[in-house]
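Below are the chains, spelled out letter by letter.
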Protein chains: 2
Amino acid sequence: MSETKIPYKIYLEEEEMPKAWYNLRADMKNKPEPLLNPGTGKPLTKEELSPIFCEELVDQELDDTTAFIPIPDEIRDFYKMYRPSPLVRAYCLEKKLGTPAKIYYKFEGNNTSGSHKLNSAIAQAYYAKKQGLKGVTTETGAGQWGTALSMACSYFDLDCKVYMVKVSYEQKPFRREVMRTYGASVVPSPSETTEVGKKILSEHPGTTGSLGCAISEAVEAATKNEGYRYVLGSVLNQVLLHQSVIGLETKTALDKYGIKPDIIIGCAGGGSNLGGLIAPFMREKLKGEADYRIVAVEPASCPSFTRGTFAYDFCDTGMICPLAKMYTLGSSFIPSANHAGGLRFHGMSTILSQLYHDGYMEAVSVEQSSVFEAAEQFARVEGILPAPESSHAIRAAIDEALKCKETGEEKTIVFGLTGTGYFDLVAYEKYNDGVMTDEIPTDEDIAASVAKLPKVNA
Amino acid sequence: MSETKIPYKIYLEEEEMPKAWYNLRADMKNKPEPLLNPGTGKPLTKEELSPIFCEELVDQELDDTTAFIPIPDEIRDFYKMYRPSPLVRAYCLEKKLGTPAKIYYKFEGNNTSGSHKLNSAIAQAYYAKKQGLKGVTTETGAGQWGTALSMACSYFDLDCKVYMVKVSYEQKPFRREVMRTYGASVVPSPSETTEVGKKILSEHPGTTGSLGCAISEAVEAATKNEGYRYVLGSVLNQVLLHQSVIGLETKTALDKYGIKPDIIIGCAGGGSNLGGLIAPFMREKLKGEADYRIVAVEPASCPSFTRGTFAYDFCDTGMICPLAKMYTLGSSFIPSANHAGGLRFHGMSTILSQLYHDGYMEAVSVEQSSVFEAAEQFARVEGILPAPESSHAIRAAIDEALKCKETGEEKTIVFGLTGTGYFDLVAYEKYNDGVMTDEIPTDEDIAASVAKLPKVNA
């Protein structure tokens, strides 16, 4: 491996870190369609969004023309504690596969939240603090986003209230304890602390909760308590904006060594990581300055891009949130409970949906047993135990590298390794024990939930 | 924070990484006393050690004259996957404490094993592979060392058999699954796979095991199976040698920015991290070229340095392993079950014991509730959730920084942050719930186990 000068890990210097986020929408010819008020069917205004979200975040949400938005110094200081994240050359994986392809991954897991989610959590906490708020509320399933937010709030001394799906609260106590260590109050949802929680508990005593219900409780807690706002870890335009730090660092690191990728691969649930990773590359593609294959990888058990419909839909299963124009399986679609990790959102970022619709991106879906096979192969040679979510991208990257082995092409592949799997060992145990299953929805399953799309599409 | 040019994280370039380990013993006037054969009371020879350990590791164990031992390229390649580890300026902690002290920490947790243990695991696996062995055996309690070793063996395609204390195997399944993902076979100890295990099971049916028993099984499995050797993650001279990579990187990073530390602090269980961190600094001190305060921090529940005796003792509770001249609480001493994390070894590295005896180091002991208080304070401002072991060093570093606040001295403090606490959340939960206790041995407890020291001391 001494024939090349490219180090195993490329770390940027502090002064090379991005000073502004990049807003993909500014360079899109076809802008993503606006969020609609589900009651009126009309685009949501700043006035309608401000009781829910912080003001500057509403501005970012609605701004589809400003290309670069400066990152405040306070956020850059926090970024410096765990960023820049390394861009790693997967020398050992390449060797193991026997591929002529060159594989790089941008590793976002070197922080206690264990994923890229912290990049947006700290931004959202900062704007909440700047607005003089007391705190923020959110929901969390397994706890990745809740952990990131609790770390961010602890740094800015903000109150953080996390509604955690009750079954996770009870069965996955470790992330709950991380959140508590950072000072967050973690409430099992449904709870008696909100009207919607009380209502659900009275109608369904003994329920173990759902993400949809936790969202409803978090939104109620934000809007009914003076000095609180609601924050969200994916899907939204503002989140993709903040996550552009991933792609900007990646591009700077590649440019530093004169590396031009052929294929850029990211896993896609709500789209926060993928949207962030591809941002500066997509910019060149939109401007016709460069071409890249950009590949979204989604689970076969929740295939929004590959089997969904491009339409307006609710962002939540409870059908109380705004309508977004996106690739969706229908807001009533629920992926199999056997599906491990995240990437279980029925829809997709409106930005990525529009880009996919316009042919700027590809998408593939992969089955989870093959995802864990890739995860294990990666872990054993590259050292890092990857998150199930990230492992979708590993699967696709390995598949592309194996194609190169057949054709002899020396392609350069870059993928996003969004996080670590240290809190996902129940899923790894299933894989190790050979009892992991793949459950793919039938066409009828998808047709049934798509049939319930809101009538605004008609 | 912009008044200084020192970045939050100092990362060395690949070419600045150490090319040789530093062997502290070469510069010690009073060498550590040799290991003794417990049967004969005579120093152990290479011939006696070779059936248990790999040959090159035996050479390293016995070599007290060669100052620098080259790091083989194969090991340096692996180091490049997760090293250099960052030397972090704790700007946010300094600000929170309001101290004029400058605090740095060398963070060894950015790898899946979660700690510095990987530095020696990869070296030991390499020499086993080089010798043409089939595999290695070891024991593990909570699993930190076993995880590191399984990662190292997977990289070199070596068989890895880990005897895991049964109670941990059952109650802490997550590390077990990490090891299995890396291909290790993890056996709950005591087991039916060894004679000693069968004997213990027949005498104590239903026992949940102990580290002493797991050591005995691992040694038996290594010596009775063709092509296997036993490996150990701390205490030994060879382990301190490999861990010198921590201190060498730290010193290079400090020198690069012209920083001279006043105080160097590390937690001490068997001494692997502390011995590695201080190595090049102690070298200067031994040569009279520089002076530093060097502080070992140990748990009040297992205070080998501060309340132990400098004498020959067994390295294991089963009294089958060699005798080492060290600070010891007696090999029959068992720290309270309420003590969280590692640092529960009754003795201490012979190298560090000699240096402490000769006045080159200080030692302090700290109680675990104050350790977790420091851990929480650190996590909330610096982001990283620290391991309980590492948090002993955080406690002492904060205490020194607070002294500086009183005196106004701008001291430079460097401490070792050995790892992350992601698998220690049961202990954090106890702290969060306010039910953590401090259990300190009485003088009578210690006198009782010290009274059983082997007669070779007489």
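Residues numbered from 1 in each chain as written. Chains lettered and ligands numbered in written order. Predicted model: local features only at pLDDT ≥ 70, side-chain atom pairs only at ≥ 80, totals over all residues. Heavy atoms only, no water.

Draft legend 1. Geometry of the sheet that holds strand β14 (residues 362–366) of chain B. All names here are of chain B. Reading across the sheet, the seven strands line up as β1-β4-β5-β15-β10-β11-β14 and stay open at both edges, with mixed pairing between neighbours. In this open sheet, the two strands that pair with only one neighbour each are β1 (9–10) and β14. The sheet contact formed by strand β10 (residues 263–267) and strand β11 (residues 293–299) spans five bridges and is parallel. Across the sheet, I263 pairs through a bridge with R293, a residue of β11. Strands β5 (102–107), β10, β11 and β15 (412–417) of the sheet are contacted by helix α12 (residues 272–286), whose axis makes an angle of about 155 degrees with β10. Against the sheet, helix α15 (residues 368–382) touches β4 (87–89), β5, β14 and β15, its axis set at about 95 degrees to β14. (Pairing = 2+ DSSP bridges. Helix = DSSP H or I, 4+ residues; strand = E, 2+ residues; numbered from the N terminus. Contact = heavy atoms within 4.5 Å. Axes fitted to C-alpha atoms, helices over the stretch in contact; angles between N-to-C directions.)

Draft legend 2. Representation of the domain arrangement of chain A. Residue and element names in this part refer to chain A. Domain annotation of chain A identifies domain 1 (9–16 + 82–114 + 237–450) and domain 2 (20–70 + 116–230). The distance between the C-alpha centroids of domain 1 and domain 2 comes to 23 Å. Each partner contributes to the interface: domain 1 provides 45 residues, whereas domain 2 provides 42 residues. In terms of surface lost to domain 2, no three residues of domain 1 exceed Q238, L241 and H242, which account for 18% of the buried area on that side. Joining domain 1 to domain 2, the criterion identifies one salt bridge. R283 is the partner of D27 in a salt bridge, and the nearest nitrogen-oxygen pair spans 3.6 Å. (Domains from an automatic or database assignment. Buried area = accessible area lost by both parts, 1.4 Å probe. Salt bridge = Lys/Arg side-chain N within 4 Å of Asp/Glu carboxyl O.)

Draft legend 3. Fine view of helix α6 (residues 144–156) of chain A. All names here are of chain A. A rise of 1.5 Å per residue sets the reference length of α6, with its 13 residues, at 18 Å; its end C-alpha atoms lie 19 Å apart and thus fit the reference within 8%. Summarising burial for α6: 12 of the 13 residues are buried, a large majority. Of all the positions in α6, only Q144, W145, G146, T147, A148, L149, S150, M151, A152, C153, S154 and F156 are classed as buried. Positive backbone phi, approximately 55 degrees, marks D157, located one or two places after α6. (Expected span 1.5 Å × (residues − 1). Buried < 20%, exposed > 50% of the residue type's maximum accessible area, 1.4 Å probe, protein only.)

Draft legend 4. Structural view of the pairing of β10(B). Residue and element names in this part refer to chain B. The element β10 is largely enclosed, with a buried count of five among its five residues. Judged by which residues are buried, β10 turns out to be covered on both faces: I263, I265 and C267 on one side and I264 and G266 on the other are all buried. Viewed along the sheet, the connection from β10 through α12 into β11 turns out right-handed. With three bridges joining them, β10 and β15 adopt parallel strand pairing. (Right-handed = clockwise from strand over helix to strand, strands pointing away.)

Draft legend 5. Structural view of the side chain of B:N432. On the secondary structure map, B:N432 appears in helix α17 (residues 425–432). In this structure B:N432 comes out as buried when scored by relative accessible area, which is 18%. A polar atom in the side chain of B:N432 sits 2.9 Å from the side chain of A:E177. The contacts of B:N432, once residues within four sequence positions are left out, are A:E177, A:R180, A:T181 and B:E376. (Polar contact = N/O pair within 3.5 Å; in protein donor to acceptor, adjacent residues only side chain to side chain.)

Draft legend 6. Here's a closer look at the confidence of the model for chain A. Per-residue pLDDT for chain A averages 95, and the proportion of residues at 70 or more is 99%. For this predicted complex, the interface score ipTM comes out at 0.93, while the overall pTM is 0.95. (pLDDT = per-residue confidence, 0-100.)

Draft legend 7. The interface of chain B and chain A, seen in detail. Between chain B and chain A, the contact holds 44 residues from the first and 44 residues from the second. A combined buried area of about 4,100 Å² lies between chain B and chain A, and 56% of that area is made up of carbon and sulfur atoms. The interface formed by chain B and chain A contains four salt bridges. For the salt bridge of A:D433 with B:R180, the shortest nitrogen-to-oxygen distance reads 2.8 Å.

Draft legend 8. Layout of the sheet that holds strand β9 (residues 228–230) of chain B. Residue and element names in this part refer to chain B. With respect to topology, four strands assemble into an open sheet ordered β8-β7-β6-β9, the strand pairing being parallel. Each edge of the open sheet is held by one strand with a lone partner, namely β8 (185–189) and β9. On average, each strand axis in the sheet is inclined to that of its neighbour by 25 degrees, with strand direction left out of account. As defined by bridge partners, strand β6 (residues 135–140) adjoins β9 across three bridges and the pair is classed as parallel.

Draft legend 9. Structural view of the pairing of β6(B). All names here are of chain B. The buried fraction of β6 amounts to six of the six residues, a majority that puts the element mostly inside the structure. Burial along β6 is two-sided: G135, T137 and E139 and V136, T138 and T140, pointing in opposite directions, are all buried. Where β6 meets strand β7 (residues 159–165), six bridges bridge the pair, whose relative direction is parallel. Within β7, the residue paired with E139 across the bridge is Y163. A crossover links β6 with its parallel partner β7, the connecting element being helix α6 (residues 144–155), and its sense is right-handed.

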